[in-house]
Amino acid sequence: MKKALITGANKGIGFETARQLLQHGYFVYLGSRDRQRGEQAAGQLRAEGYSQVEALHLDVTDSTCIAAARQALGQRTAVLDVLINNAGISGGYPQPALETPLHTFREVFNTNVFGAIEVTQAFCDLLRESSAPRIVNVSSGLGSLTLQNDPRWRFYAVKGGVYPASKTALNAYTIALAYELRETHFKVNAVCPGYVDTDFTDHLGDSSPSEAAARVLQAALLGPEGPSGQFFGQEVGTDRNPW
Ligand SMILES: NC(=O)c1ccc[n+]([C@@H]2O[C@H](COP(=O)([O-])OP(=O)(O)OC[C@H]3O[C@@H](n4cnc5c(N)ncnc54)[C@H](OP(=O)(O)O)[C@@H]3O)[C@@H](O)[C@H]2O)c1
């Protein structure tokens, strides 16, 4: 049975991604920075009939917690097939480039960038044991330099100094990691889930968490011929991109 770890999976897109991976027969480790919220979410999925799910205490900004989570997971499995770096925060809007305090930049980068990097590094040895390891970094169209510079893009006016820059950094890390692993079976990609109806957007998004999770799953379930080092999203749909 294939095994997946999702960070920030106690609610929103991560939770929905867990449910869809369970539907595909995966065993899902549901990362949550709050133990109780993680147990509650895992309990909800079990109540829906999915038995192959377990909560894993994982605060992506806490090195000690990441190391403990890695050790705990290592006692349960020798192989991890999918890692989804989904945990993310916006830092609040507006976030003007000139006036937003540096501590907000640090807080957002700690979660969205350094958290994803540290989790990837910590769990990579387990992923290497998989015959088809997949890493999905949940990014944002706001992190695309191309879209951010295109006045025709529907979110062109949604500028911020912090969150978009954090996702741009995550995209760059995705490319570097995919390149480093290009001679292996790894596929490493970044996915924009869309503008999604979650707490993150105060439920203003026009995509459902289920539609968003389906986009994340496309990258998590890529076959051997699938791309690596790409950024996928609705708005980047071109000849180059499958979705
Ligand atoms: N919603 C959108 O429209 C949208 C668009 C583009 C990209 N995204 C990205 O999609 C991802 C998921 O967003 P969402 O809409 O599902 O947001 P959400 O409903 O707010 O969920 C975010 C999740 O991340 C967790 N989290 C935050 N900080 C964490 C930390 N330090 N360690 C571990 N988990 C942490 C949260 O845990 P708590 O419950 O404990 O707070 C929660 O489980 C994020 O990376 C976001 O940037 C979202």
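Above this text sits the structure in question.
Residues numbered from 1 in each chain as written. Predicted model: local features only at pLDDT ≥ 70, side-chain atom pairs only at ≥ 80, totals over all residues. Heavy atoms only, no water.

Visitor: Explain the overall build of the protein here, please?
Guide: In terms of helices and strands, the protein carries seven helices and seven strands. Listing every helix and strand of the protein by position from the N terminus yields β-α-β-α-β-α-β-α-β-α-α-β-α-β. Taking the principal axes of its C-alpha atoms as reference, the protein extends roughly 50 × 40 × 30 Å. Burial status across the protein gives 52% buried among its 243 residues. Looking at the protein alone, contacts between residues at least 24 apart form 72% of all its contacts between residues at least 6 apart. With an accessible surface of roughly 11500 Å², the protein has 51% of that area assigned to carbon and sulfur atoms. (Helix = DSSP H or I, 4+ residues; strand = E, 2+ residues; numbered from the N terminus. Buried < 20%, exposed > 50% of the residue type's maximum accessible area, 1.4 Å probe, protein only. Contact = heavy atoms within 4.5 Å. Areas by Shrake-Rupley, 256 points an atom, 1.4 Å probe, with all protein chains shown as cover.)

Visitor: Sorry if this is basic, but what is going on with the state of the cysteines here?
Guide: Between two cysteines, a covalent bond joining their sulfur atoms is known as a disulfide. Using the criterion set out here, one finds zero disulfides in the structure. No disulfide involves Cys65; its sulfur sits 19 Å from that of Cys124, the nearest cysteine. (Disulfide = S-S within 2.5 Å.)

Visitor: In this structure, what is going on with the nonpolar core? I would like to understand it.
Guide: Of all hydrophobic cores here, the largest spans 30 residues; its most connected members are Leu5 and Phe123. With 10 residues, helix α4 (residues 102-128) is the single largest residue contributor to this core. Aside from chain neighbours lying at most four places away, what touches Phe123 is Leu5, Ile66, Ala69, Arg70, Leu73 and Leu80. Counting 29 residues, the second largest nonpolar core, distinct from the first, contains Leu22, Tyr50, Val138 and Val196. (Core = buried A, V, L, I, M, F, W, Y, C linked by side-chain atoms within 4.5 Å.)

Visitor: Got a minute to help me understand the site of the ligand in this structure?
Guide: In the neighbourhood of the ligand, 29 residues make up the surrounding shell, with Arg33, Asn86, Tyr163, Val196 and Thr198 lying closest. Taking Asn10, its side chain carries an N or O atom lying 2.8 Å from an oxygen atom of the ligand. Here an oxygen atom of the ligand sits 2.6 Å away from a polar atom, N or O, in the side chain of Tyr163. For the ligand, whose unbound accessible area comes to 900 Å², protein coverage reaches 94%. For the shell around the ligand, the secondary-structure elements that each account for two or more residues are α1 (12-23) and α6 (163-180). Residues of the shell around the ligand, tallied by class, amount to 11 nonpolar, 12 polar and six charged. (Near = heavy atom within 4 Å. Polar contact = N/O pair within 3.5 Å; in protein donor to acceptor, adjacent residues only side chain to side chain. Nonpolar A, V, L, I, M, F, W, Y, C, P; charged D, E, K, R; others polar.)

Visitor: Please explain the packing of helix α3 (residues 63-76) against α4 as it appears in this structure.
Guide: How two helices pack is summed up by the angle between their axes together with the distance between the axes. Between α3 and α4, whose axes approach to 10 Å, the crossing angle comes to 20°. Considered as vectors, α3 and α4 are oriented roughly parallel to each other. Both α3 and α4 take part in a crossing whose hand is right-handed. Touching Ser63, Ile66, Ala69, Arg70 and Leu73 of α3 are Glu118, Val119, Ala122, Phe123, Asp125 and Leu126, all from α4. Tallied by class, residues from the contact of α3 with α4 come to seven nonpolar, one polar and three charged. (Axes fitted to C-alpha atoms, helices over the stretch in contact; angles between N-to-C directions. Parallel < 35°, antiparallel > 145°, perpendicular 65-115°, else oblique. Left-handed = near helix turned anticlockwise from the far one by under 90°.)

Visitor: Please clarify how the packing of aromatic side chains should be interpreted in this entry.
Guide: The relation between two aromatic rings is expressed through the spacing of the ring centres and the mutual angle of the planes. Counted by the stated rule, this structure contains five aromatic pairs. For the ring pair Trp153 and Phe155, a centre distance of 5.5 Å and an interplane angle of 75° mean the geometry is edge-to-face. Residue class for Phe155 comes out buried when judged on its relative accessible area of 17%. When the centroid spacing of 5.4 Å and the interplanar angle of 70° are considered together, the rings of Phe155 and Tyr195 count as edge-to-face. Of the two residues, Phe155 sits in the loop between α5 (145-148) and α6 while Tyr195 sits in the loop between β6 (187-191) and α7 (209-220), which places them 40 residues apart along the sequence. In this structure Tyr195 comes out as partly exposed when scored by relative accessible area, which is 30%. (Phe/Tyr/Trp six-rings, centres within 6.5 Å; stacked < 30°, edge-to-face > 60°.)

Visitor: Would you take a moment to explain the pattern of salt bridges for this structure?
Guide: If charged atoms from side chains of opposite charge come close, those side chains can pair. This model, assessed by the stated rule, comprises seven salt bridges. Of the charged contacts, one joins Asp125 and Arg70 as a salt bridge, the two residues approaching to 2.7 Å between their closest N and O atoms. Of this pair, Asp125 sits in helix α4 while Arg70 sits in helix α3; the two residues are 55 residues apart in sequence, bridging distant segments of the chain. Residue classification places Asp125 among the partly exposed residues on the basis of a relative accessible area of 39%. A salt bridge links Arg152 to Asp150; its shortest N-O distance comes to 3.0 Å. When its relative accessible area of 19% is taken as the criterion, Asp150 is described as buried. One salt-bridge network, in which partners are shared between bridges, spans Glu16, Arg19 and Glu48. (Salt bridge = Lys/Arg side-chain N within 4 Å of Asp/Glu carboxyl O.)

Just distances and angles here, no functional claims.
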